Amino acid sequence: MRQPERDILDCLVIGGGPAGLTAALYLARFRRRFLVVDAGEPRAAWIPASHNIPFFAEGIPGPEILERARAHLARYGAHLLHGRVAALRREAGGFAAEVEEGGATRRLRARHALLATGAVDVEPDLPDLPDLPDAVRRGLVRYCPICDGYESRGRRIAVIGHGARGAGEASFIARTYSDDVTLLTLGRGMDDLDPALRRRLEAEGVRIVEQPVAALEVQGGRIAALRTGGGEELRFDVLYSALGLTYHTELARALGAAHDPSGALLVDEHAQTTVKGLYAAGDVVRAIDQIVVGMGHAAIAATHIHNRCGLPTQEEPEA
Ligand SMILES: Cc1cc2nc3c(=O)[nH]c(=O)nc-3n(C[C@H](O)[C@H](O)[C@H](O)COP(=O)(O)OP(=O)(O)OC[C@H]3O[C@@H](n4cnc5c(N)ncnc54)[C@H](O)[C@@H]3O)c2cc1C
């Protein structure tokens, strides 16, 4: 039997959010040589409490999801390396990575790489709200109606957004959760909105406010009122921001991996990108940005990686 080279990992998992940690769990149980490198800024840590993760009917905060996943992985003796993968390049038989860790740069080699680097939300520019991360953790500003729209049903809902994305999110909320929805474009014009989408918003009763927001009033743990530049006062129970995501796909793009116009990576049925041996899971992939979806990608990718590790080296990614 061919002996594996000891200094080459079977897989380098880049990112230790829900997707990366799930991939690691599968790889650990397949008894693979792998390492998780995590820069420690998961989007999952922003979740005040999630009610759409199966098995947690009472809801579970994002930080607890992460803690539980890390503790689960630790049972298999796997540990996370706190660092950032700064570069990833192809080499014969796999990939070479440069990892920045505590001021030093470390080099790692791996036959496969799994990118689970996530994304960040584009932040709304709101007056009187200097600490936006705190506002998100307190639920004053929300990012994801698929995640927590159910908890806002029947309430007065404002959506910050513009263009097709903002209109689409306002429409989703109006047809699913509330008949009192206002789209706040923060001063962006909506004249170029597709007429069919505009008609849909009208039919769903979505009001569009194109004035910029001049002031906010925070009361009792929520944004109670917004004042527009024109002096109008608007009152809502819940505020969503729908300005989109920036995907952490630089490493994959540098290798030439295909992505959609928004930057999210395209993968095949094995969660493999268009670069052979480079897999992707979670928010970096074009799909709905949900924990269970990312965990699904991760399970599929890890299993395919495991199965490919049994193949001769010439089947592995070429240099
Ligand atoms: C406020 C809020 C509420 C949400 N509520 C829910 C909910 O109720 N249910 C739900 O399913 N989803 C929810 N989501 C979405 C959910 O957080 C994401 O879908 C999920 O975190 C994606 O997991 P991930 O592992 O792909 O990425 P992340 O959780 O973002 O983790 C990615 C990790 O990769 C690291 N990383 C990035 N680049 C590098 C690099 N070069 N080297 C090393 N590490 C790197 C990052 O620092 C980070 O730690 C919510 C999101 C927000 C913002």
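Residues numbered from 1 in each chain as written. Predicted model: local features only at pLDDT ≥ 70, side-chain atom pairs only at ≥ 80, totals over all residues. Heavy atoms only, no water.

**Section: the packing of helix H5 (residues 163-176) against helix H6 (residues 195-203)**
Point 1. In contact at an axis separation of 10 Å, H5 and H6 are set at 30 degrees when each is read in the N-to-C sense. Here H5 lies roughly parallel to H6, going by the angle between them. The way H5 lies across H6 gives a crossing that is left-handed. The residues of H6 that touch H5, namely those facing Ala164, Ala167, Ala170, Ser171 and Arg175, are Leu197, Arg200 and Leu201. (Axes fitted to C-alpha atoms, helices over the stretch in contact; angles between N-to-C directions. Helix = DSSP H or I, 4+ residues; strand = E, 2+ residues; numbered from the N terminus. Parallel < 35°, antiparallel > 145°, perpendicular 65-115°, else oblique. Left-handed = near helix turned anticlockwise from the far one by under 90°. Contact = heavy atoms within 4.5 Å.)

**Examining the pairing of strand S6 (residues 104-115)**
Point 1. Pairing between strand S1 (residues 8-14) and S6: 6 bridges, direction parallel. When the bridges of S6 are listed, Leu9 appears paired with Ala110.
Point 2. In the sheet, strand S5 (residues 94-101) pairs with S6 via 7 bridges, with the strands oriented antiparallel. Within the sheet, the bridge partner assigned to Ala96 lies in S6 and is Arg109. (Pairing = 2+ DSSP bridges.)

**Some words on helix H2 (residues 62-74)**
An α-helix turns once per 3.6 residues; consequently, residues spaced three or four apart project the same way.
Point 1. Compared with the 18 Å implied by 1.5 Å per residue over 13 residues, the 19 Å span of H2 between its first and last C-alpha is a close match.
Point 2. Packing partners of the buried residues in H2 comprise helix H1 (18-29), strand S3 (80-82) and helix H8 (291-309). (Expected span 1.5 Å × (residues − 1).)

**A look at the site of the ligand**
Point 1. Residues in contact with the ligand amount to 34 residues; listed here are only the nearest, Asp38, Ser50, Asn52, Asp283 and Ile291.
Point 2. Between Ala19 and the ligand, the recorded distance is 3.0 Å, taken from a backbone N or O atom to an oxygen atom.
Point 3. Ala44 places a polar main-chain atom, nitrogen or oxygen, 3.2 Å from an oxygen atom of the ligand.
Point 4. Within the complex, the protein chains bury 97% of what would otherwise be the 1,000 Å² of accessible surface of the ligand.
Point 5. Elements represented by at least two residues in the shell around the ligand include exactly H1, strand S2 (34-38) and strand S4 (84-91).
Point 6. Split into classes, the residues belonging to the shell around the ligand amount to 16 nonpolar, 11 polar and 7 charged. (Near = heavy atom within 4 Å. Polar contact = N/O pair within 3.5 Å; in protein donor to acceptor, adjacent residues only side chain to side chain. Areas by Shrake-Rupley, 256 points an atom, 1.4 Å probe, with all protein chains shown as cover. Nonpolar A, V, L, I, M, F, W, Y, C, P; charged D, E, K, R; others polar.)

**Some remarks on the sheet that holds strand S12 (residues 222-228)**
Point 1. Strand order in the open sheet made by the 3 strands is S11-S12-S13, with antiparallel pairing throughout. The strands lining the two open edges of the sheet, one partner per strand, are strand S11 (213-219) and strand S13 (233-235). Strand after strand, the sheet turns through a mean of 25 degrees between neighbouring axes, direction not considered.
Point 2. Here S11 pairs with S12 via 6 bridges, running antiparallel. Residue pairing in the sheet places Val218 in a bridge with Ile223 of S12.

**Re the sheet that holds strand S10 (residues 207-209)**
Point 1. An order of S10-S9-S8-S14 is seen for the 4 strands of this open sheet, with the pairing classed as parallel. Both edges of this open sheet fall to S10 and strand S14 (238-241), since each of them pairs with a single strand only. Across the sheet, the mean angle separating the axes of adjacent strands is 25 degrees when strand polarity is ignored.
Point 2. Most of the contacts of H5 go to strand S9 (residues 181-184), to which it runs at about 170 degrees, and overall it touches strand S8 (157-160), S9 and S14.

**A short note on the packing of H1 against H8**
Point 1. Contact geometry of H1 with H8 gives a least axis separation of 8 Å together with a crossing angle of 35 degrees. Here H1 runs over H8; the crossing is right-handed. Contacts between H1 and H8 pair Pro18, Ala19, Thr22, Ala23, Tyr26 and Leu27 from the former with Ile291, Gly294, Met295, Ala298, Ala299, Ala302, Thr303 and Ile305 from the latter.
Point 2. Along the lines of polarity and charge, the residues of the contact of H1 with H8 split into 11 nonpolar, 3 polar and no charged.

**A look at the side chain of Ser178**
Point 1. Mapped onto the fold, Ser178 is located in the loop between H5 and S9.
Point 2. Engagement of the side chain of Ser178 in a polar contact is seen with the backbone oxygen of Arg155, the distance being 2.6 Å.
Point 3. Setting aside anything within four residues of it in sequence, one finds Ser178 in contact with Gly154, Arg155, Ile157 and Ile173.

**Here we look at the domain arrangement of the chain**
Point 1. As assigned here, the chain comprises domain 1 (8-120 + 244-315) and domain 2 (123-241).
Point 2. Taking the mean C-alpha position of each, domain 1 and domain 2 sit 32 Å from one another.
Point 3. Between domain 1 and domain 2, the residue contacts involve 9 residues of the former and 11 residues of the latter.
Point 4. Taking both sides of the interface into account, the surface hidden between domain 1 and domain 2 amounts to around 870 Å²; carbon and sulfur atoms contribute 59%.
Point 5. Inspection of the region where domain 1 meets domain 2 yields 0 residue pairs in polar contact (both at pLDDT 80 or more).
Point 6. Of the residues assigned to the side of domain 1 that touches domain 2, the class counts are 4 nonpolar, 4 polar and 1 charged. (Domains from an automatic or database assignment. Buried area = accessible area lost by both parts, 1.4 Å probe.)

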